Amino acid sequence: MRGATDPVRTGEDTEPAADSNSIRLQSLLSIAQRGWLLFPCHSMVQGRCSCGKGNDCTSPGKHPRTVRGVKDATNNVDRLRAWHASYGVSANWALATGRESGVFVVDVDRKHNGFESFAAWESEHGTLMTPLRTSTGGGGKHLFFEYPDDVVIGNRTGWIPGVDIRGEGGYVLLPPSNHQSGGTYRWQSDGEPARAPLTLTQSIAKRERDNSTASAESDLYAPILEGNRNDEVFKRACRHFRELGQSRDEQWRRDEVFRRITSCEIESRRTFPDDEIMRTVQSAQDAVRAKGEDLPSTKRDKLIQDRLDWHEANMEALRLISERDAQDSKGRVGRFSRGGSFILDQPEVPTAVWGSGEQVLWAEGEALMLTGHQGTGKTTLAQQVILHRLGVRTGPFLGFDVPVVMRPVLYLAMDRPTQAARSMRRMVGEEHRAVLDEYVVVWSGPLPFDPLGSPSIVADWATEYVPDLSVVVVDSVKDYAAMRSLSDDSIASGLNSSWQELIARKIEVVLLHHERKAANGEKRRIALDNVFGSTLLTSGTGSVFGIEGNPGDEVVTLHHLKQPAETLPPLEVHHDHPSGTSTVHSGPRTVREVLALAGDNGATAAEIIVRLGLKDTENNRRKIRKEISDMADTAVIPGGQNPDGRGKLPDRYRLIAPTTTRQTTRQPDL
């Protein structure tokens, strides 16, 4: 077996640590030295899963504590020490089965007649003997075998009735983990996993071949039942996107997968509208793209290598955290406070980082999120707030105060850093170099570690390199998530924990994010539930702004979707693109207002666009003309021939004075 050392012992070193069900650290490290890949799982605490979901937990005491689950399994000593320090006294521990650990497991369940099925199989094929066995907390048993060199052993549920195979992608809990039933996993024998007999591996391989060929295609087009429609649509859509690869453009692939999904029989189809199906298909496409599963093999190999390099850097960061944990508590003890002080000493109106009086756009100790489509000014607005905070720009910003705080800012320019640099270059000059050098630190590109590896990993890294840090700007959230699905609640929860750790250290956070893409025919909405990803992304923020506008528009509308204090009305903002300056828009807001100001001379469609602060495109001109044609009190002034002989002048539009009509009043009957 790969990495084998001494046989697994069942004595004192594998007993639980005092006052817990968890394995002792020394025993954990001893098992890891065998080459087994391990990771922590939730456990049962007073009859409930430690995840805190109560009756909603679907796998009590068995599901992973880490973000990526079995994919996070490792035999790295530093990583295991860090996990054990965080979870050790309340964790079940699992072994990731498969070729990497060199072991697979036959899992016999007491339920579903597993013992009877297994006895029948053994009577036909011979008794399976292995020196390494455990009894499970639920009354079943695990038989450990060496992973064969010449056969792929998959992770298969129902190999025979009541008996599962735990191979590639699977895992089993190790003693002394506890079980929902109140039982405990226990070693039943010492020794090494046995070499699997040919009858066993051939039987497993045959059943996998028989089942995979017959079911792979049919599963994709089988009826979709009501109980788990969204999950099933998501899984099938992911498989379709992997199959299509990058054969055509994204929109075509999305439409094609939508067509395939809706061609299936869907139970209670009336309650599962097309727009909901399309949103699920879009989420699947985002997930497949984020993992590189639609890439050609050469590009996918490079992506995998990049992630391996990134993982090594992440392991080093976790090692540093483990060392620091052994020396100090990183200020966590200082976060305890008396209830009276915590509750009654808070100001009635939140202290504003940006705001005036009870109108607070960004509150101290609460993250600010700016959301909108590309090109609507998220980066421009965030950078201006930071420059006001550092005193580079003075006076109120968009009519609201920004108190000056001369402490460093860390700008995480993970999304197109050169574009972020060009954006801020418009706002500053050479005279600001000294202030920028002293108070602005920029990190370009992806983070050198996994921000979800530990809630404190970003805060530790940031404060180590930027002492007295005041603000962290995340540009943008999708890049901070390190190519993971933002729709996954566990990912969003991990990101939120990372931001909350910064805030707990008195570091403000600004998040730049985007909206969901509107499905075909769906009207764009500016709403909190239209922010892309899990609702947990916005639930951990104090203030969320949605920016309404199109890429390149000079005038956009800020909608305060989530407020820390008084509700603010929509704010019209004018972006002066050359100078990177945003001000409250004081000009006309509608076509009618533009025409009223133009008087009898009227205005062309292009002039109206300029006055409204829109981008001058043919599409916008068509919209303006359509709106004017729908107005009953407008007239067209034909353009006629251009005096210089070059083409025709554009038509102009003006308002018509309302027709005066004689009013008559009927006298009441006497």
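The rules we used
Residues numbered from 1 in each chain as written. Predicted model: local features only at pLDDT ≥ 70, side-chain atom pairs only at ≥ 80, totals over all residues. Heavy atoms only, no water. Pairing = 2+ DSSP bridges. Helix = DSSP H or I, 4+ residues; strand = E, 2+ residues; numbered from the N terminus. Axes fitted to C-alpha atoms, helices over the stretch in contact; angles between N-to-C directions. Polar contact = N/O pair within 3.5 Å; in protein donor to acceptor, adjacent residues only side chain to side chain. Contact = heavy atoms within 4.5 Å. Phe/Tyr/Trp six-rings, centres within 6.5 Å; stacked < 30°, edge-to-face > 60°. Lys NZ or Arg CZ within 6 Å of the ring centre and 35° of its normal. Buried < 20%, exposed > 50% of the residue type's maximum accessible area, 1.4 Å probe, protein only. pLDDT = per-residue confidence, 0-100. Salt bridge = Lys/Arg side-chain N within 4 Å of Asp/Glu carboxyl O.

Participant: Is there a simple way to explain the sheet that holds strand β17 (residues 440-444) in this structure?
Facilitator: Note on sheets: strands pair through backbone hydrogen bonds, and any given pair is parallel or antiparallel. With respect to topology, 9 strands assemble into an open sheet ordered β17-β16-β18-β19-β15-β20-β21-β22-β23, the strand pairing being mixed. Either end of the sheet is taken by a strand with one partner, and the two such strands are β17 and β23 (581-584). Averaged over all pairs of adjacent strands, the angle between their axes in this sheet comes to 20°, without regard to strand direction. Across 5 bridges, strand β15 (residues 368-372) lies against strand β20 (residues 543-548) in parallel orientation.

Participant: Explain the side chain of Thr 557 to me, please; I cannot follow it from the model alone.
Facilitator: Here Thr 557 shows up in strand β21 (residues 555-562). Engagement of the side chain of Thr 557 in a polar contact is seen with the side chain of Glu 572, the distance being 3.3 Å. Contacts of Thr 557, omitting those with residues within four sequence positions, involve Gly 546, Ile 547, Glu 548, Pro 570, Leu 571 and Glu 572.

Participant: Looking at this model, I keep getting lost on the packing of aromatic side chains. Mind explaining?
Facilitator: Aromatic ring pairs: the centre-centre distance and the angle between the two ring planes describe each pair. In total, this model carries 11 aromatic pairs according to the counting rule given. When the centroid spacing of 6.0 Å and the interplanar angle of 5° are considered together, the rings of Trp 36 and Phe 144 count as stacked. Here Phe 144 lies in strand β7 (residues 141-146) and Trp 36 lies in the loop between α1 (25-32) and β1 (37-41), a separation of 108 residues in the sequence. Aromatic ring contacts, followed pair by pair, group Trp 443, Phe 449, Trp 461 and Tyr 465 into a single cluster. Seen from the ring of Trp 36, Arg 34 lies directly overhead, with NZ or CZ sitting 4.9 Å from the centre.

Participant: Explain unusual backbone geometry here, please?
Facilitator: If a residue is not glycine, its phi is most likely negative; likewise, a peptide bond is most likely trans. Here the amide bond leading from Pro 175 into Pro 176 is cis, since omega sits at 5°, within 30 degrees of zero. In this fold, Pro 176 is placed in the loop between β10 (171-173) and β11 (186-187). Each neighbour pair has its own omega, and for Asp 475 with Ser 476 the value is 15°, a cis peptide bond. Within the secondary structure layout, Ser 476 lies in the loop between β18 (471-475) and α14 (477-480). Even without being a glycine, Arg 416 presents a positive backbone phi close to 50°. Among the secondary structure elements, Arg 416 is positioned in the loop between β16 (409-413) and α11 (417-425). The class for Arg 416 is partly exposed, based on a relative accessible area of 37%.

Participant: Can you help me understand the confidence of the model for the protein in this one?
Facilitator: Caution applies to low-pLDDT parts of the model: their predicted coordinates are not meant to be read in detail. In the predicted model, the protein carries a mean pLDDT of 82, and the fraction of residues at 70 or more is 85%. Note on residues 327-331: pLDDT is under 50 here. Beyond four places in sequence and across chains, it has 6 contacts. Between residues 659-670, whose pLDDT stays under 50, and residues either more than four places distant or in other chains, the model counts 0 contacts.

Participant: Is there a simple way to explain the pattern of salt bridges in this structure?
Facilitator: Close approach of charged atoms lets side chains of opposite charge pair. Evaluation of the coordinates by the stated rule reveals 23 salt bridges. Here Glu 256 ties to Arg 259 by a salt bridge, and the two come within 2.7 Å at their closest N and O atoms. Here Glu 256 and its partner Arg 259 are both found in helix α6 (residues 250-262), 3 residues apart, which amounts to about one turn of the helix. With a relative accessible area of 45%, Arg 259 lands in the partly exposed category.

Participant: What am I meant to see in the sheet that holds strand β4 (residues 92-96) here?
Facilitator: If you trace the 3 strands from one edge of the open sheet to the other, you get β1-β4-β10, paired in antiparallel fashion. Here the strands that pair on one side only, and so sit at the sheet edges, are β1 and β10. Ignoring which end each strand starts from, the neighbouring axes of this sheet average 30° apart.

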